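Results of the structural survey
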Amino acid sequence: MPAINEVTNLEIESNIAVLTLNSPPVNALSANVREGLHVGVKQAIEDEDTKAIVLICEGRTFIAGADITEFGQAPKGPSLFEVQDMIEDSPKPVISAIHGTALGGGLEVALTCHYRIAVPSARCGLPEVNLGLLPGAGGTQRLPRIVGAQKALQMVTSGQHVPAKQCLEMGLVDELANEENLLADAIKFATTIVEEKRPLVKVRDNEENIKADKGNDTLFTDFRKSIARRTRGFLAPEYNIQCIEAAVNKSFEEGLKVERDLFTKLVTGTQSAAQRYVFFSERQVNKIPDIPRETEVSEINSVGVIGAGTMGGGISMNFANVGIPVTIVEQNQERLDKGLAVIRKNYENTANKGRISMEDVETRMGLITGELSVESLNTQDLIIEAVFENMKLKKEIFNKLDGIAKQGAILASNTSALNVNEIAAETKRPEDVIGLHFFSPANVMRLLEIVRGEKTSKSVVASSMSIAKRIGKIAAVVGVCPGFVGNRILAQRQREANKLILEGALPWDIDDALFDFGFPMGPFAMSDLAGLDIGWSKETSKGETLRDVLCEAGRLGQKSGKGFYLYDENRVKSPDPEVEAIIRDFAEARQIRLRDISKEEILERCLYPMINEGFKILEEGMAIRASDIDIVWINGYGWPVYEGGPMFYGSLVGFDKVLDWLNKMEKELGPEFAPSPYLEKVVKENINIFA
Ligand code: CAA
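Residues numbered from 1 in each chain as written. Predicted model: local features only at pLDDT ≥ 70, side-chain atom pairs only at ≥ 80, totals over all residues. Heavy atoms only, no water.

Re the layout of surface pockets
Taken as a whole, the second largest pocket encloses approximately 230 Å³ of empty space. For the lining of the second largest pocket, the secondary structure elements donating two or more residues are helix 12 (310–321) and helix 13 (333–352). If one sorts the elements of the lining of the second largest pocket by residue count, helix 13 sits on top with four residues. Along the lines of polarity and charge, the residues of the lining of the second largest pocket split into five nonpolar, five polar and three charged. (1 Å grid on protein atoms, 1.4 Å probe; cavity = no way out; pocket = protein on both sides within 12 Å on 5 of 7 lines; lining within 4 Å. Points joined across faces, edges and corners; volume = space filled by probe spheres on them. Helix = DSSP H or I, 4+ residues; strand = E, 2+ residues; numbered from the N terminus. Nonpolar A, V, L, I, M, F, W, Y, C, P; charged D, E, K, R; others polar.)

In structure tokens form, the structure reads like this:
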């Protein structure tokens, strides 16, 4: 095939030019691809025999967007706009032939083509919002001109990948091709267009679908309200909306200008930098340096779960959701029945929201079997222990399991902090033992910490990564240390939050500061939700801590209507003067002088020690890379994506500033602030921890 360049070929078949891109893995619009498109379309236009041009891609997908790795670099080769102008102004029809995904810049290129054909499995979307961006190549102006403002708003603010059949209904795609015959069908479609002398459709000129919404401010106000909760703190959704508003109310050229200005603001801002970093970090986290991709993984076709409590139940649902049978073991019938009833209720709630059918509920429940003896776990490929956090109990279970589980089964503990090596040592097969730390609610939270023990085999780690992917989790491999990565860092924040209350900040001051930073909830609202009496007992309570005093006063959290906050009948919280008085009295009795504490100080006190702990974790090799720590905190603890996670946030603040602060605090407040030697080294030698 005649090559335009190393990623583009042009071939002419019975008057139809076929321009093929082949730039793995996803045909992103790198400088080479843009060059190939520009030159290829130009040559086809100039070729006398060519009557129409088909644009198609090799590999797994159509163009999946701009090449994100090029952002921030000096522009090379033709710009995307030049490519688009070349296509849109072509005197010969250009048809894009779509398979896989046409995303972002990819769909924007397709939208400058005069026609689009796609296989039924293809999907189209403008997912830039998920990278903290907006479609910067006319997408926000052309999309509503086909699908109308309402659908365009939904697409650009959700980033949703719309299936081809729906695209056909919306007019985003003109024809569906046979799944196996895209090229042939695209050529046929192009030939028909030529024969029927169909017009050169320029989406930019189509005012039909937007004119009804001109001046319709309510549409936009209502839409903003409908997504406000989900998009709190993010800039990109609002900027995307402003672009669609401009598309509806301004000329195409003016709208493009609005799009360009807002795109520039986003692409140069920290939110998008953080979100792009998270995109690549989510892919990096799957790579374990000493475990090659081709490592043998064992197939997991059946799972055993020990414990039908909240964790055990949630964990079981993950597997039933993807069709894997689960056996749950509980100590007695009552607990087992209760656990199974909770699972059923959860599924029914999901069905009531329309997310699954009642038939799905029954199918999934049918995959879950309850048993009363661990002896029944003798055939499963993976067994997960999810009993409460008690080392003695866990050891007993693993000791017993060793004699029951089939050879080759993976034996996992859902411990959130205990030593997996110690647990593994209870068996004669420590290489098969691993920690699989799910986060509550386990059927909802995306994170899975995979705790690699000293003796865990590579194949067991790889198999755990593989099953995590199958059940839709994002898994981070971590080492054995108290609290692993997530809870170890959480302990820092918790300690400082508790201390701050006895220095003068009120629980809601701290929660508000963290909520405004972007966390879904602050530590005290979280404690109220979990219950203040976890690990507390009336008999032994000596009123030594603030928590003791609150529990003694019957303030056990949400369940008792009051804890750090007061709750109304709808569980809506409000600050409580009684708590303020309790704190004041508690401090007075200990001769502690309370002072005013600013929001800025609260954030520093809560967040900087977390960054420091992250460095200690890296120093000890308990996380593979800095970005894995961020992935843990974003997916397990609600760190706002647009702040990139504790390590990325630390880099935004400046590691030198964090170090200076820690040194100062160590002198003023004590050794818990002593900086990690690795942080000192990073600052001194200006090391890029994300490289
Ligand atoms: N630029 C650069 N690299 C990209 C990329 C892009 N747009 N999209 C994916 N990649 C890379 C990934 O980093 C990954 O690399 P490694 O194998 O080295 O880790 C590789 O391609 C494969 O990606 P996935 O593992 O994600 O593969 P998948 O098959 O699971 O998913 C996908 C494919 C749906 C296309 C997914 O990669 C994706 O959603 N990509 C991003 C799409 C996107 O956001 N496009 C908009 C870009 S911004 C834009 O276009 C601005 C504009 O208006 C001009």
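Examining the domain arrangement of the chain
Under the domain assignment used here, the chain contains domain 1 (8–267), domain 2 (303–481), domain 3 (504–589) and domain 4 (599–685). For domain 2 versus domain 4, the distance between C-alpha centres works out to 32 Å. Interface area, domain 2 with domain 4, both sides summed: about 880 Å², of which 69% is carbon and sulfur. Connecting domain 2 to domain 4 are zero salt bridges. Where domain 2 meets domain 4, there are two residue pairs in polar contact (both at pLDDT 80 or more). (Domains from an automatic or database assignment. Buried area = accessible area lost by both parts, 1.4 Å probe. Salt bridge = Lys/Arg side-chain N within 4 Å of Asp/Glu carboxyl O. Polar contact = N/O pair within 3.5 Å; in protein donor to acceptor, adjacent residues only side chain to side chain.)

Looking at the site of the ligand
Around the ligand sit 25 residues in total, of which R60, E108, G136, R283 and K287 are the nearest. Contacts to the ligand include A64, whose backbone N or O atom sits 2.9 Å from a nitrogen atom. Here an oxygen atom of the ligand and a backbone polar atom of G105 are 2.8 Å apart. Protein coverage of the free-state accessible area of the ligand, which is 980 Å², stands at 74%. Elements supplying a minimum of two residues to the shell around the ligand: strand 6 (101–103), helix 3 (105–112) and helix 11 (270–284). Per element, the largest residue contribution to the shell around the ligand is three residues, and it comes from helix 11. Looking at side-chain class alone, the shell around the ligand contains 14 nonpolar, five polar and six charged residues. (Near = heavy atom within 4 Å. Areas by Shrake-Rupley, 256 points an atom, 1.4 Å probe, with all protein chains shown as cover.)

Some points on the sheet that holds strand 16 (residues 433–438)
One open sheet accounts for eight strands, arranged 13-12-11-14-15-16-17-18; its pairing is mixed. One side of each edge strand has no neighbouring strand; the edge strands of this open sheet are strand 13 (368–371) and strand 18 (474–478). The average undirected angle you get between the axes of adjacent strands in this sheet is 25°. Note: strand 17 (residues 447–451) against strand 18, five bridges, orientation parallel. By the bridge assignment, L448 is partnered in strand 18 with A475. (Pairing = 2+ DSSP bridges. Axes fitted to C-alpha atoms, helices over the stretch in contact; angles between N-to-C directions.)

As for the side chain of E503
Note that E503 resides in the loop between helix 18 (486–501) and helix 19 (507–517). The exposure class assigned to E503 is buried, which follows from its relative accessible area of 16%. A distance of 2.8 Å separates polar atoms of two side chains, one belonging to E503 and the other to R605. (Buried < 20%, exposed > 50% of the residue type's maximum accessible area, 1.4 Å probe, protein only.)

Quick notes on the nonpolar core
In summary, soluble globular proteins display a tendency toward joint burial of nonpolar side chains. Within the largest apolar cluster, 92 residues are counted, with the highest numbers of intra-cluster contacts made by I510, L607 and W639. When residues in this core are grouped by element, the largest group, 10 residues, is from helix 23 (residues 599–619). The residues contacting I510, other than those within four sequence positions of it, are A497, L500, I501, A505, P523, F524, I602 and C606. One finds V18, L126, I146 and L182 within the second-largest nonpolar core, a separate group that totals 72 residues. (Core = buried A, V, L, I, M, F, W, Y, C linked by side-chain atoms within 4.5 Å. Contact = heavy atoms within 4.5 Å.)

Digging into the packing of helix 18 against helix 24 (residues 626–637)
It is the contact of helix 18 with helix 24, at a shortest axis distance of 10 Å, that shows an interaxial angle of 75°. Taken as axis vectors, helix 18 and helix 24 run roughly perpendicular relative to one another. Residue-level contacts link G486, N487, I489, L490 and R493 of helix 18 to I629, V632, W633 and Y637 of helix 24. Along the lines of polarity and charge, the residues of the contact of helix 18 with helix 24 split into six nonpolar, two polar and one charged. (Parallel < 35°, antiparallel > 145°, perpendicular 65-115°, else oblique.)

Thoughts on unusual backbone geometry
Looking along the chain, the bond that leaves P24 and enters P25 is cis, with omega of 0°. Here P25 shows up in the loop between strand 3 (16–21) and helix 1 (31–46). Each neighbour pair has its own omega, and for S440 with P441 the value is -5°, a cis peptide bond. Mapped onto the fold, P441 is located in the loop between strand 16 and strand 17. Positioned with a positive phi, N27 is a non-glycine residue whose angle comes to about 50°. With respect to the helices and strands, the residue N27 is situated in the loop between strand 3 and helix 1. Positive phi values are uncommon outside glycine, yet R571 reaches one of about 60°. You can see R571 is positioned in the loop between strand 19 (566–567) and strand 20 (573–574).

Points about the packing of aromatic side chains
Summed over all chains, the structure comprises 22 aromatic pairs. Centroid distance F234 to Y642: 4.9 Å. Interplanar angle 80°. Geometry classified as edge-to-face. One end of the pair, F234, is in the loop between helix 8 (217–227) and helix 9 (236–249); the other, Y642, is in the loop between helix 24 and helix 25 (646–653), with 408 residues separating them in the sequence. A residue is classified by how much of its surface remains accessible, and F234, at 26% relative accessible area, is partly exposed. The buried category is assigned to Y642, whose relative accessible area is 8%. Each member of the aromatic cluster is reached from another via a ring pair, and the members are F439, F517, F519, W633, Y637, W639 and Y649. Geometry around F519 places R493 over its ring, the cationic atom sitting 4.9 Å from the centre. The residue whose ring lies beneath K573 is Y565, and the NZ or CZ to ring-centre distance is 5.3 Å. (Phe/Tyr/Trp six-rings, centres within 6.5 Å; stacked < 30°, edge-to-face > 60°. Lys NZ or Arg CZ within 6 Å of the ring centre and 35° of its normal.)

Let's talk about the environment of G557
Along the chain, the position of G557 falls in the loop between helix 21 (546–552) and strand 19. Note on G557: relative accessible area 0%, which makes it buried. On a C-alpha basis, the gap between G557 and A530 in space is 7.4 Å, while along the polypeptide they are 27 residues apart.

A closer look at the sheet that holds strand 9 (residues 162–163)
Spatially, three strands are ordered 6-8-9 in an open sheet, and the strand pairing comes out mixed. Where the open sheet ends on each side, the last strands, each with one partner, are strand 6 and strand 9. When strand 8 (residues 123–125) meets strand 9, the two strands line up antiparallel, connected through two bridges. Looking at strand 9, one finds that C124 is bridged to V162.

Structural notes on the environment of D174
Turning to its location among the elements, D174 is positioned in the loop between helix 6 (164–170) and strand 10 (175–176). Taking the relative accessible area as the measure of exposure, D174 reaches 32% and is therefore partly exposed. With 57 residues separating them along the chain, D174 and I117 place their C-alpha atoms 5.8 Å apart. Leaving out residues up to four positions away in the same chain, D174 has contacts with Y115, R116, L168 and F189. In this structure the side chain of D174 is engaged in a polar contact, spanning 2.7 Å, whose partner is the backbone nitrogen of R116.

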